[in-house]
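If you want the building blocks of each chain, they are given just below.
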Amino acid sequence: MLPWVTISGKHRNGAIKFTDPEPQKEPKNPRKLKKAIRKKWGTVALIDILKEAALRTGMLKALAPVGTREAIDEAKLLERLLLIAYAYGTNSGIGSVAAGEHRHSEEELRYTARRYLTAVGLEAAGVEIANATFAARSEAVWGQGTTTVASDSTHFKAWDRNIFTEWHSRYGGRGVLVYWHIEKGSMAIHSQLLHCTASEVAAAIEGMMRHATTMQAEGNYVDSHGQSEIGFGLTRLLGYDLLPRIKQTNKVKLYRPGREDEDSYERLADAMTRPICWDVIENNYDQLIKYATAIRVGTAATEAILRRFTRTASHPVYQAMLEVGKAQKTIFVARYLRDRDLQREIQEGLNVVEGWNGANDIIFFGKSGELSSNGRDQQELSVLALHLLQTALVFVNTLMIQEMLADPEWASLLTEEDKRALTPPFRMHLQPYGEVRLNMGSRRQLAQPVPQEPEPEPAAA
């Protein structure tokens, strides 16, 4: 028997009584390290963070012009793209940024934005900086590469006059949702703009299938919205693990493997319900694989498939998918209740997303964080530019942390528990506000890491 979980029909609010793991103590050395970083490099303007990331990764080369003729000098183009990305990513606007200390007028910035700033280009730039961060990471500091990401949505207020703006009952205001996929090292591998009634299960799946980075994503931490049976069914068919945080554990029902096993799980009997209908899965197996393949290769959107099924809930393929989900959810719940390390792992993954969302209020400060554009395309550009600014912050902070830990004094001070608590998106040294001053000749002294080559495989005997 496990001391943190009991299963009994005598409980008032459900058969399962579960005690959450105790919160772990926060190590003190990571905070000291961040203070040392601020002391060494001083307060760094956000535009300089973006500049360093762009110069070191070449990510802004992904912003190709709409036309075929390029008449802007390469150095000037880079400066303008930096200012434009900053204007959109901070929500301060091109007019405000144009008044800063640089050599570009508002008309020049607007012209360049019309020709170069596209959603496809910003997405590609985000992929470039994510891949550069993965390549630059030191295994001695961050450990081996992870294969899991955490995903969650955050709410951004938007003007009521935009027809895309909707009221969200959970957040209690009008606006749009932005759905993030963040890996353990706090790097965003995907982001997408959603309307408030969109399926977050579909958004989570789309991000796992379409992130386009070099990361091999094999597991997805989600909040309580992700524990739906259809979500478990689809992710099982797509070949990765859905790892939700279960809040109302007491009300979870476990499905029996079959009718012949009714007396095989006496201790779980109070929490168990009907058997899985394996014949429904067998009869519709080919169609299940067909829909899963369509999602994987991108010939069909996950939300479109789910919308079709929810309109006709009696659809046999939908019923088969639910049965797969019920079986997978039962397996996961049994594993979740038993494994304390898994419970903490999921909580830590979701805390990474919360930390990412916490930076939104600081970086996306213009117009009180409210999307003022009435066009969905402009809103999408703002969200993708915000994505770019935050990934630039993670990239530069990663290099700063690694350079500090190259000092033997710091390397010996930090324990394994301290390294586990290291989070790159810290903002103690960040200056996000004030006049925009772009000086391409002023650089932060940071060692450029050499990408780690994979070890050669031993020759076959």
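Residues numbered from 1 in each chain as written. Predicted model: local features only at pLDDT ≥ 70, side-chain atom pairs only at ≥ 80, totals over all residues. Heavy atoms only, no water.

Peer 1: Explanation requested: the pattern of salt bridges in the structure shown.
Peer 2: Where charged atoms of side chains with opposite charge meet at close range, the side chains can pair. Taken as a whole and assessed by the stated rule, the structure comprises 17 salt bridges. Across the salt bridge formed by E303 and R307, the nearest N and O atoms sit 3.5 Å from each other. With E303 and R307 both in helix α12 (residues 302-311) and four residues apart, this pair spans about one turn of that helix. Classification of E303 as partly exposed rests on a relative accessible area of 23%. Classification of R307 as partly exposed rests on a relative accessible area of 42%. (Salt bridge = Lys/Arg side-chain N within 4 Å of Asp/Glu carboxyl O. Helix = DSSP H or I, 4+ residues; strand = E, 2+ residues; numbered from the N terminus. Buried < 20%, exposed > 50% of the residue type's maximum accessible area, 1.4 Å probe, protein only.)

Peer 1: Even after reading the chapter, I still don't get the packing of helix α13 (residues 316-338) against helix α14 (residues 340-363), so can you show me in this structure?
Peer 2: Packed helices, taken two at a time, are described by their axes: the angle between them and the distance between them. In contact at an axis separation of 5 Å, α13 and α14 are set at 100° when each is read in the N-to-C sense. It follows from the interaxial angle that α13 and α14 lie roughly perpendicular. For the pair formed by α13 and α14, the contact residues are F332, R335, Y336, L337 and R338 on the first element and R340, L342, Q343 and I346 on the second. Looking at side-chain class alone, the contact of α13 with α14 contains five nonpolar, one polar and three charged residues. (Axes fitted to C-alpha atoms, helices over the stretch in contact; angles between N-to-C directions. Parallel < 35°, antiparallel > 145°, perpendicular 65-115°, else oblique. Contact = heavy atoms within 4.5 Å. Nonpolar A, V, L, I, M, F, W, Y, C, P; charged D, E, K, R; others polar.)

Peer 1: Would you mind showing me how to read the layout of surface pockets here?
Peer 2: Considered as a void within the structure, the second largest pocket measures approximately 440 Å³ in volume. Elements that contribute at least two residues to the lining of the second largest pocket include exactly β7 (188-194), α8 (200-210), α12 and α15 (376-405). Among the residues forming the lining of the second largest pocket, the class breakdown is nine nonpolar, six polar and six charged. (1 Å grid on protein atoms, 1.4 Å probe; cavity = no way out; pocket = protein on both sides within 12 Å on 5 of 7 lines; lining within 4 Å. Points joined across faces, edges and corners; volume = space filled by probe spheres on them.)

Peer 1: Quick question: what am I supposed to make of the packing of aromatic side chains here?
Peer 2: Describing an aromatic ring pair means giving the distance of the ring centres and the angle of the ring planes. Tallied over the full model, the rule gives eight aromatic pairs. Ring geometry for F232 versus F332: centroids 5.7 Å apart, planes at 40°, classification tilted. Within this pair, whereas F232 is found in helix α9 (residues 229-238), its partner F332 is found in helix α13, the two being separated by 100 residues in sequence. Looking at F332, the relative accessible area reads 3%, which means it is buried. Between the aromatic rings of F365 and Y433, the centroid separation amounts to 4.9 Å while the plane-to-plane angle is 85°, which identifies the pairing as edge-to-face. A residue pair is termed long-range when its members are at least 10 positions apart, and F365 in the loop between α14 and α15 and Y433 in the segment after β12 (430-431) qualify at 68 residues. On the basis of relative accessibility, which here comes to 25%, the residue F365 falls in the partly exposed class. (Phe/Tyr/Trp six-rings, centres within 6.5 Å; stacked < 30°, edge-to-face > 60°.)

Peer 1: Could you clarify how one ought to interpret empty space enclosed by the protein in this entry?
Peer 2: A probe as big as a water molecule, rolled over the atoms, marks out the empty space that is left. Inspection of every chain in the model, using the stated rule, returns one cavity of 30 Å³ or more. By volume, the largest cavity is sized at about 50 Å³. Around the largest cavity, the lining residues are E200, V201, A204, I205, N220, V222, H225, G226, G231, T235, Y240 and L242. Those elements that provide at least two residues to the lining of the largest cavity are α8, β8 (219-222) and α9. Of the residues assigned to the lining of the largest cavity, the class counts are six nonpolar, five polar and one charged.

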